[in-house]
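Read off the chains here:
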Amino acid sequence: MNVDQINSFLSPALLVLVGLGSLYAYYAFMVVYPTYIKDFRRNRTERGDSSCPSNAMPPDTKPWDSNREAVLDAADKHPSNFASCELLYPLKNAKVPKSKMNDKIRAKAGRRTSVLTTTNPSSRKLSHEKAKELDMNHIDVTFPSFLWAFTFIGPCSYFLWLKGTTILRIRKKLQKLGYLHPKPFDASEIVGRLILEGTMAVHYHSSTTMDGKKIGGFFYADFPIIRQDGSFYVADLFAVDIDLDTKKMVKAKLDDKVLTPSQTLNLCWYYTVSANHVKLHALANWGVNIHPGQVKENPFPARNSLVTVIYNYFGYSSFKNFIPTWREWGLLSMDWDPDSLMKTFDHGVKYPIWHHPEIYHLSKYSRLVNFIILVRSVFMEEFHKHGKCFPGVHGEALFVGSILHSLDHTTMDWNLEDPLWLDVDCPLTGKMAELGRIVKVGFVADVPGLYFHKRFKDAGHPFYDAVYKKAAKIDKKYADNMDTCIIK
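What counts, and where the lines are drawn
- Residues numbered from 1 in each chain as written.
- Predicted model: local features only at pLDDT ≥ 70, side-chain atom pairs only at ≥ 80, totals over all residues.
- Heavy atoms only, no water.
- Helix = DSSP H or I, 4+ residues; strand = E, 2+ residues; numbered from the N terminus.
- Contact = heavy atoms within 4.5 Å.
- Areas by Shrake-Rupley, 256 points an atom, 1.4 Å probe, with all protein chains shown as cover.
- Lys, Arg positive; Asp, Glu negative; His and termini not counted.
- Charge placed at Lys NZ, Arg CZ, Asp CG, Glu CD.
- Axes fitted to C-alpha atoms, helices over the stretch in contact; angles between N-to-C directions.
- Parallel < 35°, antiparallel > 145°, perpendicular 65-115°, else oblique.
- Left-handed = near helix turned anticlockwise from the far one by under 90°.
- Nonpolar A, V, L, I, M, F, W, Y, C, P; charged D, E, K, R; others polar.
- Pairing = 2+ DSSP bridges.
- Phe/Tyr/Trp six-rings, centres within 6.5 Å; stacked < 30°, edge-to-face > 60°.
- Buried < 20%, exposed > 50% of the residue type's maximum accessible area, 1.4 Å probe, protein only.
- 1 Å grid on protein atoms, 1.4 Å probe; cavity = no way out; pocket = protein on both sides within 12 Å on 5 of 7 lines; lining within 4 Å.
- Points joined across faces, edges and corners; volume = space filled by probe spheres on them.

A word on the overall build of the chain
Stage number 1. Each helix and strand in the chain was counted, giving 19 helices and five strands.
Stage number 2. Each principal axis of the C-alpha distribution contributes one length, and for the chain these read about 90 × 60 × 45 Å.
Stage number 3. Expressed as a percentage of contacts within the chain between residues at least 6 apart in sequence, the contacts between residues at least 24 apart total 77%.
Stage number 4. Split by element, the accessible area of the chain, about 21,600 Å² in all, is 57% carbon and sulfur.
Stage number 5. Of note, the chain has its 61 positive side-chain charges centred 4 Å away from the centre of its 50 negative side-chain charges.

Written out as structure tokens, the structure reads:
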């Protein structure tokens, strides 16, 4: 090629590059930077700052006996519905369960160092005091990190929910016209799945035998819901009885109401994706470290930490901003109030995680529970061995923000196969079903198009590889879906 030919080729290519560069510069400094200033320059600190919520140790779980009293007190407020409850009697007389094995595992989960970088031991230290409560959205990041996330994560996440809600709108219209029907299902079975094969299982309290059937009791005191007028409300007690062998709902109650399986399904799904799930996001903040020293010494764990911090921001600060759009699209009622959703999130974050030692009894009835119990022990053993890779990180929080969070999403997707199973026309729980459908199609599955690795499998890091190798021997299907960070 001669010079003229080269110039004729380069000129259009150069113009394209300049144009793309200009568009990206506009996006970076006119869109992303103002968002960063608004959301990150106020009331945010790094973990090394004494005012940072996750500078302290994670808050304690709510003791089991306190949980029991909360359930019993709530039941006493509604004697017409709970006075004859067969599962409250064994709960009332139960003794506080103890587990020496769990004490040993928890001992290995503790924070190994009180500094965020081993190269500068004199840097600001973490506190040994206990935090009073969880906090989902408080850790600061630099603008370059924020821009990286808005370049390589944000658009992928946006595509997922835009694609999902577009398909949902089409399916909803076809269903209304009578051209489409959801896959046949048994609501009692789906309730059983959501509770036994999901993180709602931590509310298991007691069991009894009735008519030869093993019935498990799951009790949720101070249960947050959205009423049909769009207002936020905290019910005293939500209770579900599950046949542990068939994994189907037997009955369910909410305060003075006896619920149908469809109503119970709506409630279980809304709680799963809102107040229950945000606890995992919030605790994960005690399992991150994005200190510059950590970025240099342990880049893979540091990037996982950054992604987790950013996704906590997306979930808490950004999600609600899409509600007006979904109202306009007809996916939400026009009186659907974003503030009610935020009150649900805040209730979930502030209300302590319940201590759940009784969950060991479910291991033979739940594939997920059995896997989590066994892999948690493996995880903490390897965390103890590779502690130098995670300065300032609490093992339990790291476990929750990686394995438990990702499997909560995975089992959500498996358990609720069709968003149309959620009844948006229910006069008691329809508002929650509306949002539940959107979450199912746009925020549960894996985010597409990510350029970086985010699975334990083939992570190429000694800690994650060791955990995966042992986890795969327990249950490969679950092990293959373990993420190294919060990335959905």
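Here's the deal with the packing of helix 9 (residues 261–273) against helix 17 (residues 430–442)
Think of two packed helices as two axes; the pair is described by the angle between the axes and how far apart they sit.
Stage number 1. Interaxial distance between helix 9 and helix 17 falls to 9 Å at its minimum, and their mutual angle equals 55°. Here helix 9 lies oblique to helix 17, going by the angle between them. Where helix 9 crosses over helix 17, the two elements pack in a sense that is left-handed. Seen from helix 9, the contacting residues are N266, L267, W269, Y270 and V273; seen from helix 17, they are M432, A433, L435, G436, V439 and K440.
Stage number 2. For the contact of helix 9 with helix 17, the class distribution of residues is eight nonpolar, two polar and one charged.

Quick notes on the sheet that holds strand 4 (residues 248–254)
Stage number 1. With antiparallel pairing, the five strands of this open sheet are ordered in space as 1-2-3-4-5. The sheet is open, and its two edges are formed by strand 1 (204–210) and strand 5 (257–258), each paired on a single side.
Stage number 2. Sheet analysis places strand 4 next to strand 5, joined by two bridges and oriented antiparallel. Paired with K253 across the two strands is V258, which belongs to strand 5.
Stage number 3. The strands touched by helix 9 within the sheet are strand 2 (213–226), strand 3 (232–243), strand 4 and strand 5, with strand 2 carrying the most contacts at an inclination of about 65°.
Stage number 4. Lying over the sheet, helix 14 (residues 338–350) contacts strand 2 and strand 3, oriented at roughly 125° with respect to strand 2.

Describing the packing of aromatic side chains
Two descriptors summarise a pair of aromatic rings, namely the distance from one centre to the other and the angle between the planes of the rings.
Stage number 1. In total, this model carries 45 aromatic pairs according to the counting rule given.
Stage number 2. Centroid distance Y158 to W161: 5.0 Å. Interplanar angle 75°. Geometry classified as edge-to-face. Separated by three residues within a single helix, Y158 and W161 lie in helix 7 (residues 154–177), roughly one turn from each other.
Stage number 3. Taking relative accessible area as the criterion, Y158 reaches 42% and is therefore assigned partly exposed.
Stage number 4. Its relative accessible area of 3% is what places W161 among the buried residues.
Stage number 5. Taking 5.6 Å as the distance between ring centres and 35° as the angle between the ring planes, the aromatic pair formed by Y220 and F238 counts as tilted.

Looking at the layout of surface pockets
Stage number 1. Estimates place the volume of the second largest pocket at around 770 Å³.
Stage number 2. Lining the second largest pocket we find 38 residues, and of these F314, G315, F319, F322 and F443 sit closest to its centre.
Stage number 3. The set of elements that each furnish at least two residues to the lining of the second largest pocket consists of helix 1 (3–40), helix 7, helix 10 (277–284), helix 12 (299–318), helix 14, helix 16 (395–415) and helix 17.
Stage number 4. A per-class count over the lining of the second largest pocket returns 23 nonpolar, twelve polar and three charged.

Observations concerning empty space enclosed by the protein
Space left empty within the atom packing is revealed by a probe, the size of a water molecule, rolled over the atoms.
Stage number 1. What the rule picks out here adds up to three cavities of 30 Å³ or more.
Stage number 2. Considered as a void within the structure, the largest cavity measures approximately 110 Å³ in volume.
Stage number 3. Residue lining of the largest cavity: 18 residues in total, with G287, V288, S305, L398 and T484 positioned closest to the centre.
Stage number 4. When contributions to the lining of the largest cavity are tallied by element, the ones reaching two or more residues are helix 12 and helix 16.

A short note on the pairing of strand 2
Stage number 1. Burial runs high along strand 2: eleven of the 14 residues are buried.
Stage number 2. Here strand 1 folds back onto strand 2 in antiparallel fashion, the turn holding two residues, of which D211 has a positive phi close to 55°.
Stage number 3. Note: strand 2 against strand 3, eleven bridges, orientation antiparallel. By the bridge assignment, G217 is partnered in strand 3 with D241.

Brief notes about the side chain of T199
Stage number 1. Relative to the helices and strands, T199 is located in the loop between helix 8 (187–196) and strand 1.
Stage number 2. T199 gets classed as buried once you look at its relative accessible area, which sits at 11%.
Stage number 3. Among all residues touching T199, those that are not within four sequence positions of it are N276, L280, L404 and D408.

Considering unusual backbone geometry
Stage number 1. One non-glycine residue, K247, lies in the positive phi region at around 60°.
Stage number 2. Within the element layout of this structure, K247 appears in the loop between strand 3 and strand 4.
Stage number 3. For D255, which is not glycine, the phi torsion reads 55° and is therefore positive.
Stage number 4. Within the secondary structure layout, D255 lies in the loop between strand 4 and strand 5.
Stage number 5. On the basis of relative accessibility, which here comes to 9%, the residue D255 falls in the buried class.

The values are spatial; any link to function lies outside them.
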